[in-house]
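Structural characterization, general
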Amino acid sequence: MQIRRKNFLTLGGLTVGAAALAACGGDAESSTDASDAAGAASDGGGEEGAAPERADADLVIWADEVKAGALEGPAAAWGEANGLTVAVQTVADQLQPNFITANASGNGPDMIVAAHDWIGNLVQNGSLSPVQLPPGTEETIAPIGMTAVTYDGQVYGVPYAVETLVLYANNDLTSVPAPATVEELVEAGRAGGAENVLSLPVGEQGDAYHMEPLYTSGGGYLFGTTAEGDPDPSDVGVGGEGSVSAGEKIGALGADGVLKTSITGDNAISLFTDGKAAYLVSGPWALADIRTAGIDVTMSAVPGFDGLDPAVPFAGVNAFFVASQGANPAFAQQFASAVASSPDIAEQMFPHNELPPVNLELQEKLAADYPELVQIAELAEDADPMPAIPEMAAIWQPLGQAQANIVGGADPEPTMTSAGEEITAQIGS
Amino acid sequence: MPSSSAPAARERSTSIPAVLARVVLLGTVLAVTAFTVPITIAQQQWMWLIVILGAAAGIFVLYSTRRFIPGKYLFPGTALLAVFLVTPIILTVGYSFTNFGDGTRGTKQEAVDTIVASSVQQSEDSTWYTASVATTGDATEGPFTLFLVDPADGTVLRGAADEPLEAVDPSAVTVAGGAVTDAAGYEILDAREVNAAYDTLQELAVPVDDSSAVRLQGPDQAFEGTTVITYDAAADTLTDTSTGEVYTVGTVGDSEYFVDAEGERAFSQSWLQGVGLGNYERLVTDGKIAQQFAGAFVWTLAFALGSVGLTFVVGFALALVLNDPRLRGRRAYRSILLMPYAVPGFISLLVWSNFYNRDFGLINQTLGLDLNWLGDPTLAKVAVLLTNLWMGFPYMFIVSTGALQAIPGDVMEAARIDGASRLQTTAKVVTPLLLVAVAPLLVASFAFNFNNFNAIQLLTEGGPFLPGEYTRGGTDILISMIYRIAFGGSGADFGFASAVSVVLFAITGVLAMIQFRFTNVLEDVN
């Protein structure tokens, strides 16, 4: 417990620090956001990352600070219309473990807003109640959203937004804004004379999330598929033949200096916005910085290697979940049905937290004013929902590490094999 | 109560302020106890209930009479020690013999309930009704009846747990806004009442046909669905009614799960179980951990000693220089040197981590180097020590400056009169005197750095990892390696993490003993 506590403090500190830095560096437009974030973060920091005391209301929803800020207004309006009091509480960090423990002891919220890949762990801890969606819902929500929140044949959440990786091209630094292959990208990037061809975070410890498109295009996969179409933890793809050939492709890009361990999650976006990289692989969260920098960008799908499989990045879906031990399960289910049956709540949340929506009607409405976000939502249709099974936790570190080592020049074959062995050992224990 | 045989003592302690203080103290204790006991009972925190009652009883026994003088002094420290130090240790040791972690937090009953509750499936083309919950009895206890309005044609239906759905004479009910608002002989529950009784209502299934039933969804809707999984308590098995498959309890790894016929885990939900020495066995038998433990231990010692040594040497040297009265502007220099201490540690660490970046970092760019600071195990160790030096020397500087100023001037004067040179005075007189004062702080600093998780985690995350190595990185100290083993991989495994902590506790215990010996030796010198 001592160890976890330290980590809470660290992360709490990190958020405050990051917000403080953002506040210093922000310009006129973004400084209000930054100071809001700083305020929220310091609230969280004051509580040392602990979960808040459950508010006294008919419906209590926990979310991270950005989503809580966006949800507050719409949720209150919904409550008013239904004669209920609604409290949206910020859990600045460690929402998942805080929710699991609070829920188990009966002090938790009625709902949480979270990413779909938490489902596996929340289900094995018995923290979620399934939601029953009203008829017709499946026609109004993008298929990727429904696939993501379905786990073991059961629907556990109501999706409202989706995120995935896309390729941003700086039009001033390249003449090929939407390359069809990685080879074309490298050639165009070199020709444009940019300092770095591609900004894709690797870091010393690796970043399996951002590497996923290249890994899948090279032939790698994470888990096989069961007969029901769910990820199969007994079939780990890392260490297999496909992962090795993907490793060779990634290693070649590393040797060419296209992928670098010195490009990390901290500097990847800023390299691109500073005009030091022709291409960037990132998600919708990079849009704000890119707009601020005023760069002329083109967005397209992340390309794959020439003649190999298509690149399939992860899709992450944000959804509303109903707690299993909440004090007000009926109101939680009612709110879930409300989000599922109309785009209103997602629409009201959008201006405060611009995320690509999964509601098809809302996508249409926003297409004119926010073409980039709707384009990301459409690109997400070709992405794979991040596996939600708890075994996924065993993937990140070894696979990322192996990829980083390969970028740094390690031999792909033994490195990928050892990563596969490590993952299998962790899943088995 | 005061005994009559001790009149002298009575005279001493019955001054009005003393009695008042005692009454206020005991009254406060009583008030706090009266306030917290119902709360702990409500939250079923039995352990804390015992602690609170025990502490309150102890305070009353010890402080209400004039006896137990030593107890009065010993009690506060001992009680706090027991609550805040001994209890967590006992709990940790206890957890280390269980499988407590993700998926194994609750009881078996909770796991079964979750599995069954999660298996409700909507029927194909299920009709969704607007529902009203009604009762002929009590709003929290039932029995409950559902009044349903089919939104398509407005038909009103009624049903209960043992009464299949049947059409209701429209004249017997009032329908407003698409829902039944009044029914003869029934009391309709409002949304809040439905919410309060929702757990009971979740179990209410109004049979439609053999396989499906109408269930309540939220306060005002109902759908047709079925519970696919059922639990047979007598046989202790789960049955999938759609396929007929039966799941029994079987052991996978250290824990029991519901397994299918092949013995494969069928549901991820498990429950808290004792696993004996399983966690310790895993620690010893997992080849990688045992193999890496020694390496991590050696580097942890080197890191802690190196950090203390370097920071002390630099801090002491600067303190000596800035203690010279001939130097002008000492105050300004001292303030500047304290700057690293004023920056919050985690910010410095993150900033330094960026400084070391091979291609874009300040250090390589300024010095025109191409050193792979964080990618090379040896350079990464140097980077960690350098950063920790920067973070730690101001502390040593303050401590040394304080200790230097406390060394009496006549000792130095005596040394000079005896013909000692400046260097000799410093080495032979000042340093030993100063060490006596700062030795305990050096030991404390060593203990701090031995477990300096932040310095490693924020700077290098334990890396760099050599290809094929995932357990220990080049700069991993014990605590950061253990953190990764316990929490890095497959989610939170508190049972295993506790076992690891117990082992680490034993190791630090031995080290602390050695440290105390060391301080004793220093004191003996003088």
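As the structure is a prediction and not an experimental result, all values here were calculated from the model. (Residues numbered from 1 in each chain as written. Chains lettered and ligands numbered in written order. Predicted model: local features only at pLDDT ≥ 70, side-chain atom pairs only at ≥ 80, totals over all residues.)

**Details of the nonpolar core**
A general trend in soluble globular proteins is that nonpolar side chains are found buried together. For the record, the criterion: Put simply, a nonpolar core is a cluster of buried Ala, Val, Leu, Ile, Met, Phe, Trp, Tyr and Cys residues tied together by C-beta atoms within 7 Å. Any residue surrounded by 20 or more other C-beta atoms within 10 Å of its C-beta is treated as buried, while 12 or fewer makes it exposed and the intermediate range makes it partly exposed; C-beta atoms here are placed from the backbone. Two residues form a contact once the distance between their C-beta atoms, set from the backbone, is within 7 Å.
Ranked by size, the top nonpolar core spans 166 residues in total, and within it I61, I112, Y168 and Y279 of chain A carry the most contacts. Residue contacts for I61 of chain A: discarding those within four places in its chain leaves L71, A75, V88, P109, D110, M111, I112 and V113 of chain A.

**Some details on the domain arrangement of chain B**
Applied cut-off: Where each domain starts and ends comes from a domain assignment, either automatic or drawn from a database.
We note that the domain assignment places domain 1 (14–95), domain 2 (105–113 + 230–276), domain 3 (120–227) and domain 4 (287–524) within chain B. Inter-centroid distance (C-alpha atoms) of domain 1 of chain B to domain 4 of chain B is 40 Å.

**Section: unusual backbone geometry**
Residues and elements named next belong to chain B. For the record, the criterion: In this description a helix means any DSSP run of H or I spanning at least four residues, a strand means any run of E spanning at least two, and both kinds are numbered starting from the N terminus.
Of the consecutive residues G463 and P464, the connecting peptide bond is found in the cis state with omega at 0°. Relative to the assigned elements, P464 resides in the loop between α17 (453–459) and α18 (478–488). One non-glycine residue, F68, lies in positive phi territory at about 55°. Tracing the backbone through its elements, the reader meets F68 in the loop between α3 (46–64) and α4 (69–95). One non-glycine residue with positive phi stands out, namely D236, at about 60°. Counting through the fold element by element, D236 comes out in the loop between β12 (229–232) and β13 (237–240).

**Looking at the environment of A180 of chain A**
Here A180 of chain A shows up in the loop between β8 (166–170) and α8 (182–192). Between the C-alpha atoms of A180 of chain A and P313 of chain A, which are 133 residues apart in sequence, the distance is 15 Å.

**With respect to the packing of α3 of chain B against α4 of chain B**
Residue and element names in this part refer to chain B. We count it as follows: Interaxial angles span 0 to 180 degrees and are taken between N-to-C directions of axes, which are lines fitted to C-alpha atoms, for helices over the stretch in contact. Working rule for angles: under 35 degrees goes down as roughly parallel, over 145 as roughly antiparallel, 65 to 115 as roughly perpendicular, anything else as oblique. In this classification, the charged set is Asp, Glu, Lys and Arg, the nonpolar set is Ala, Val, Leu, Ile, Met, Phe, Trp, Tyr, Cys and Pro, and all remaining amino acids, among them Gly, are polar.
Look at α3 against α4: their axes get within 10 Å of each other, and the N-to-C directions meet at 170°. The orientation of α3 relative to α4 falls into the category roughly antiparallel. Along its contact with α3, which presents V51, A55, G58, L62 and Y63, the element α4 presents G71, K72, F75, A79 and V83. Of the residues belonging to the contact of α3 with α4, the class tally is seven nonpolar, two polar and one charged.

**Quick look at the confidence of the model for chain B**
Residues shown with low pLDDT carry predicted positions that ought not to be read at fine detail. Residue and element names in this part refer to chain B. This is how the line gets drawn: A score from 0 to 100, pLDDT tells how confident the predictor is in each residue.
Mean pLDDT over chain B: 85, with 95% of residues reaching 70 or higher. Predicted confidence is poor over residues 1–11, with pLDDT under 50, and the contacts of this stretch with residues over four places away or in other chains come to three contacts. Across the assembled chains, the prediction reports ipTM 0.79 with pTM 0.82.

**Considerations on the interface of chain B and chain A**
Tallying the contact residues gives 56 residues for chain B and 52 residues for chain A. For the side of chain B that touches chain A, the secondary-structure elements that each account for two or more residues are α5 (108–117), β1 (120–122), α6 (191–196), β11 (221–227), α12 (345–355), α17 and α18 of chain B.

**Observations regarding the domain arrangement of chain A**
Residue and element names in this part refer to chain A. Considered domain by domain, chain A is made up of domain 1 (20–163 + 315–385) and domain 2 (166–312 + 395–428). Using only C-alpha atoms to locate each centre, domain 1 and domain 2 end up separated by 28 Å. Between domain 1 and domain 2, the residue contacts involve 15 residues of the former and 10 residues of the latter. Here the side of domain 1 that touches domain 2 takes five residues from helix α16 (residues 371–379), the largest share from any one element. Within the side of domain 1 that touches domain 2, the residues separate by chemical class into six nonpolar, three polar and six charged.

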